[in-house]
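# Structural overview for review
Here is how the chains run, residue by residue.
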Amino acid sequence: MLTKTRSFRPLVGIRATPVLALLFAFGLSVLLAPRVVAAAAAKAPAAPPANLLPGFRAGPMRGFEDLVFAARALNQTDGHWYANFGYYSHDPGRKAYAEGAKLYRLNLPTRGLTALLADAKGGVRDPQVSYDGKKILFSYRPGGTEHYHLYEINADGSGLRQLTSGPYDDFEASYLPDGGIVFVSSRCKRWVNCWLTQVAVLHRCNADGSDIRALSTNNEQDNTPWPLPDGRVLYTRWEYVDRSQVHFHHLWTANPDGTAQMTWFGNLHPGITMIDAKPIPGTDKIVASFSPGHGRKEHDGVITVVDPKNGPDAKEFAKSISKTPNFRDPWAFSEDCFLAATRGTLVVMDGAGRTQEILKLPAGDLAAGLECHEPRPLAPRPREFVMQNRARPE
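This is a predicted model, so every value here is computed, not measured. (Residues numbered from 1 in each chain as written. Predicted model: local features only at pLDDT ≥ 70, side-chain atom pairs only at ≥ 80, totals over all residues. Heavy atoms only, no water.)

### Focus: the overall build of the chain
Note the cut-off: Counting from the N terminus, the helices are DSSP H or I runs at least four residues long and the strands are E runs at least two residues long. We call a residue buried when its accessible area falls under 20% of the maximum for its residue type, exposed when it is over 50%, and partly exposed in between, using a 1.4 Å probe and counting protein chains only. Two residues form a contact once any of their heavy atoms are found within 4.5 Å. Note on areas: Shrake-Rupley, 1.4 Å probe, and residue coverage restricted to the protein chains presented here.
Per the secondary structure count, the chain includes three helices and 26 strands. Classification of the 394 residues of the chain by burial places 50% in the buried group. Counting contacts in the chain only where the partners sit at least 6 residues apart, residues at least 24 apart contribute 51% of the total. Surface summary for the chain: the accessible area is close to 18500 Å², and the carbon and sulfur share equals 57%.

### Observations regarding the side chain of Arg237
The following threshold applies: By the criterion applied in these results, polar contacts are pairs of N or O atoms within 3.5 Å in which, for protein atoms, one can donate a hydrogen and the other can accept it, and in which residues neighboring in sequence qualify only through two side-chain atoms.
Within the secondary structure, Arg237 is located in strand E15 (residues 233-238). A polar contact is formed between the side chain of Arg237 and the side chain of Glu239, at a distance of 2.6 Å. Residues contacting Arg237, with those up to four places away along its chain left out, are Asn218, Gln221, Asp222, Phe248, His249, His250, Trp252 and Gln261.

### Quick word on the pairing of strand E23 (residues 337-342)
In regular strands, side chains alternate between the two faces of the sheet. Which entries qualify depends on this criterion: A pair of strands is considered paired only if DSSP assigns at least 2 bridges between the two.
Burial runs high along E23: six of the six residues are buried. Of the two faces of E23, the one holding Cys337, Leu339 and Ala341 and the one holding Phe338, Ala340 and Thr342 are both buried throughout. What sits between the antiparallel neighbours strand E22 (residues 328-334) and E23 is a turn of two residues. Bridge count for E23 against strand E24 (residues 345-349) is five bridges, and the pairing is antiparallel. The residue of E24 that forms the bridge with Ala340 is Val347. Count of turn residues in the E23/E24 antiparallel hairpin: two residues, of which Arg343 carries a positive phi of about 55°.

### Section: the confidence of the model for the chain
For clarity, the cut-off: Confidence scores here are pLDDT values: one per residue, from the predictor, ranging 0 to 100.
Chain-level statistics for the chain give a pLDDT mean of 90 and a share of 88% at 70 or above. Confidence drops under pLDDT 50 across residues 1-42; counting only partners more than four residues distant or on other chains, this segment forms three contacts.

### Notes on the sheet that holds strand E1 (residues 66-73)
Keep this limit in mind: Fitted lines through C-alpha atoms serve as axes, helices being fitted only where they are in contact, and the angles separating the N-to-C directions of these axes extend from 0 to 180 degrees.
The strand order E5-E4-E1-E26 describes an open sheet built from four strands, whose pairing is antiparallel. Single-partner strands in this sheet number two, and they are strand E5 (113-119) and strand E26 (370-377). Going across the sheet, the axis of each strand differs from the next one's by a mean of 20°, ignoring polarity. Pairing geometry for strand E4 (residues 101-107) and E5, over six bridges, is antiparallel. Following the sheet pairing, Lys102 is matched in E5 by Ala118.

### Notes on the pattern of salt bridges
Quick note on the threshold: What makes a salt bridge here is a side-chain nitrogen of Lys or Arg within 4 Å of a carboxyl oxygen of Asp or Glu, nothing more.
Considering all chains together, one arrives at 23 salt bridges under this definition. Glu374 is the salt-bridge partner of Arg72, the closest N and O atoms lying 2.8 Å from each other. Taken together, the residues Arg72 in strand E1 and Glu374 in strand E26 connect sequence positions 302 residues apart. On the basis of relative accessible area, Arg72 is assigned to the buried category, the value being 4%. For Glu374, a relative accessible area of 4% gives the class buried. Residue Asp300 is joined to Arg328 by a salt bridge in which the shortest nitrogen-to-oxygen separation is 2.8 Å. Residue Asp300 is located in the loop between strand E19 (286-292) and strand E20 (302-306), and its partner Arg328 is located in strand E22; the two are separated by 28 residues in the primary sequence. On the basis of relative accessibility, which here comes to 1%, the residue Arg328 falls in the buried class. The network of salt bridges with shared partners includes Asp300, Arg328, Arg343 and Glu371.

### Quick look at the sheet that holds strand E7 (residues 135-141)
A sheet is described by the order of its strands in space; here four strands give the open sequence E6-E7-E8-E9, paired in antiparallel fashion. The strands lining the two open edges of the sheet, one partner per strand, are strand E6 (123-129) and strand E9 (161-162). Note: E6 against E7, five bridges, orientation antiparallel. Within E7, the residue paired with Arg125 across the bridge is Ser139.

### Some remarks on the nonpolar core
Soluble, globular proteins show a tendency: their nonpolar side chains are buried together. To keep it simple, the criterion reads: What is meant by a nonpolar core is a set of buried Ala, Val, Leu, Ile, Met, Phe, Trp, Tyr and Cys residues, joined one to another through side-chain atoms within 4.5 Å.
Judged by nonpolar contacts, the single largest core of 26 residues is most densely connected at Met61, Phe69, Leu346, Val348, Ile358 and Leu361. Going through the elements one at a time, helix H2 (53-58), E1, E4, E22, E23, E24, strand E25 (355-360) and E26 are the ones with two or more residues in this core. Ranked by the residues each element gives to this core, the list is headed by E1, at four residues. Contacts of Ile358, omitting those with residues within four sequence positions, involve Leu53, Leu67, Leu106, Leu108, Arg111, Leu339, Leu346, Val347 and Val348. Within the second largest apolar cluster, 15 residues are counted, among which are Leu116, Val124, Tyr140 and Ile153.

Structure follows, in structure tokens:
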């Protein structure tokens, strides 16, 4: 039996045909919009790379012709920020370091690259330039040996000499304005409480490596000491006393003799490893790597500027600069001009986080697994305030 089809009756006062056409057009636009946006995105030209270096060299980097930095292989079996020296407690044959390193000098105008020291089986780390710009202090583990010690070399690669020795690792050294050297060392003879690698804490010595003495009794890592303009030493302390073992590694200060240790920033805010901190010239601010969580390998993190004027716990006074947490070892020429390393490259960065690559390691270095670390300007710099010694070591 056939049924009679009822005719469609339009709504009163509205014509059916325009409404249907409008609904059809809207639905079609919803269906096609993602494709249109994707096509437009595919056709949109990529943003041109930032060309920062010419302006920087005419401004805050004026007069800086050369940089020095380390290139070395990484421990690929351990992601902890501190697992890069010594051996593992369960197996002395398992080393926390990798083999292969160079100490490089880069000329900015020509991009010429000179190896001041190369060791295919050794390790090079933490170069620091003397106040007169003529010498480089760094840590070196010669191929075939197991320990990093402090060395010094002339800026042209001549005159290599060893400063410290012994069955310990000495690294992350900085010149002090009183003529001494501050560094971290495994001479404290202890192990990470919750892991298998060794601990290094603050020490100091004379310019020739003599009179080594401990400045810290921390039971966990101290890292990356650096003098502030007022003469105090800024460093990272892993705080492990009646606290979570993985959440508190923030910025502290101490006098160069180890007295007056106190928090500088962040100690009430867990979850960030604040490391590689250095002062920003002409300000009270510092630049640091804020490495996420319990810290990433080789201190990778977000380049961050900290202003201390509102106290040690004002999180809003820490400003993120880089757009990703993949940068290490920042150096500030100003509040808007930074130098940093990331993987096999060196970059300059402005205050908005824009970057320009200024060096990529040679293909042979990249094939050997080397990455860039610790870039510093090779130039004279002002000496910080010299503080009166308060300690009387026995």
